[in-house]
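# Examining the three-dimensional arrangement
Letter by letter, the chains look like this.
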Amino acid sequence: MCTLLTDISMVLANTSRCVQGTEEERRGWNRPGVCGLNNSGNSCYLNAVLQCLCSTVPLVEHLLNQETRKDCRVAEIFVGLLEDMWLGRSSSCAPVEAKSVLCSILPQFNNYLQQDAQELLLSLLNTLHDNLKKVRKSLSVCLQDSTIVSHLFEGQLSYRTLCMHCNYQTHSTQTFTVLSIPIPPAIIKCSLEQDCLSLFFERTVLTGGEQMLCSVCGLRRETGVLTCLEKPPEILMLHLKRFGRKGKNQVKLRTNVAFSMKLDLTPFVSSSVQSTSYSSYRLYAVVNHAGHLNMGHYTALCHNALSQTWHSFDDLVVREVQDSLVQSPNAYLLLYSRKRFQKPKIHGLGAL
Ligand SMILES: [Zn+2]
């Protein structure tokens, strides 16, 4: 995982508790894992990301497992919030404590500005990973660096480079948590698989200032680079690069990226692992960004594994939606799972 962030123990330990809903709210639906989140001032990006994590069943199951809960003091706030969202009796929560603790450990989010949901998602997962690792090491449970976060979200890319002058080849790998996928410029509509992912994985030739140093030639040479998926992750998170630069100005690409409920990454998987690696995915959450660059609004669409239906989450406003409405021209983050989520095994859920 990436950077080590400071003490999430506070963040995750003070995570919010559900506010008592109004009588109307209490009479409203009470679907486990379907819970609106109060906006504490431009915090729609946080709410949208929290909804996605709340619908990531293997993560929720692990964190709400009795044993983990006992050990995982550091993640208490986050766990407390998940607990309210899955086991609470209110149709909404106010993640105020979650936000304040988050701001204390991740100062870049300590303001009322619109923030990038992708950066938050990555920071939140890194923080959770680092803290879970720290707790496990302090308990001497396990000296390995893997946690539920790396186990679920981490994948690996492989890069093969070729010196165009002497044909010398190199091979390297890099782990990733989120894949940032380019959107082809100057088009109104495109396909996630055929356009965006193909562009990300297409063979490129680095020229001019981008040339790489060839250790055989001892000079910078034109370099062919082939990117492949070496290890497909359990949970694949795709970030559509809508925010970019045009000259001096920051711009948002409004391209309608068509995606489907199923995604097959087999064409992009490294040939050395293709036969052993299962790379077919099912969509379970989407973060949408509507509006302008700095004045937009984030919402989420998440599949609930218990009711087997999709819901749209716009802060406190929650609606059940048809599968056909999940496709949106505002899609910004797409979360796919290799396995179809089963009914969550959470202690106390059966009693509801
Ligand atoms: Zn060379």
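Residues numbered from 1 in each chain as written. Predicted model: local features only at pLDDT ≥ 70, side-chain atom pairs only at ≥ 80, totals over all residues. Heavy atoms only, no water.

For the protein, an unreviewed UniProt entry supplies the name ubiquitinyl hydrolase 1 and the organism Echeneis naucrates. On record in UniProt, under Catalytic activity (unreviewed entry), the comment for the protein is "Thiol-dependent hydrolysis of ester, thioester, amide, peptide and isopeptide bonds formed by the C-terminal Gly of ubiquitin (a 76-residue protein attached to proteins as an intracellular targeting signal)." (UniProt positions renumbered as here; feature names shortened; annotations may be inferred.)

Our focus in this paragraph is the coordination of the zinc ion. On the protein side, the zinc ion has Cys-163 (SG), Cys-166 (SG), Cys-214 (SG) and Cys-217 (SG) as donor atoms, found 2.2 to 2.3 Å from it. For the zinc ion, the four donor atoms in the first shell make angles of 106 to 114° at the metal, so the coordination geometry reads as tetrahedral. Each donor residue of the zinc ion lies on the same chain, and together they follow the pattern C-x2-C-x47-C-x2-C. Of this pair, Cys-166 sits in the loop between β3 (155-163) and β4 (169-176) while Cys-217 sits in the loop between β8 (212-214) and β9 (219-221), and the two are 51 residues apart along the sequence. Exposure remark for Cys-166: the relative accessible area of 30% places this residue in the partly exposed category. (Donors = N, O, S within 2.8 Å, 3.2 Å for Na, K, Ca; no water. Tetrahedral: all angles 85-135°; square planar, octahedral: opposite > 155°, others 65-115°. Helix = DSSP H or I, 4+ residues; strand = E, 2+ residues; numbered from the N terminus. Buried < 20%, exposed > 50% of the residue type's maximum accessible area, 1.4 Å probe, protein only.)

Judged by how many residues are buried, helix α3 (residues 44-54) sits mostly within the fold: 11 of 11 residues are covered. Taken together, the buried positions of α3 are occupied by Cys-44, Tyr-45, Leu-46, Asn-47, Ala-48, Val-49, Leu-50, Gln-51, Cys-52, Leu-53 and Cys-54.

All told, the structure shown has four salt bridges when counted by the stated rule. As a salt-bridge pair, Arg-31 and Glu-320 come within 2.5 Å of each other at their nearest N and O atoms. Of this pair, Arg-31 sits in the loop between α2 (23-27) and β1 (36-37) while Glu-320 is found in strand β19 (residues 317-321), placing the two residues 289 residues apart along the sequence. What makes Arg-31 partly exposed here is its relative accessible area of 26%. Ionic pairing is found between Lys-339 and Glu-234, a salt bridge with its closest N-O pair at 3.6 Å. Placement of the pair is Lys-339 in the segment after β20 (331-337) and Glu-234 in the loop between β10 (223-231) and β11 (235-240), with a sequence separation of 105 residues. On the basis of relative accessibility, which here comes to 55%, the residue Lys-339 falls in the exposed class. (Salt bridge = Lys/Arg side-chain N within 4 Å of Asp/Glu carboxyl O.)

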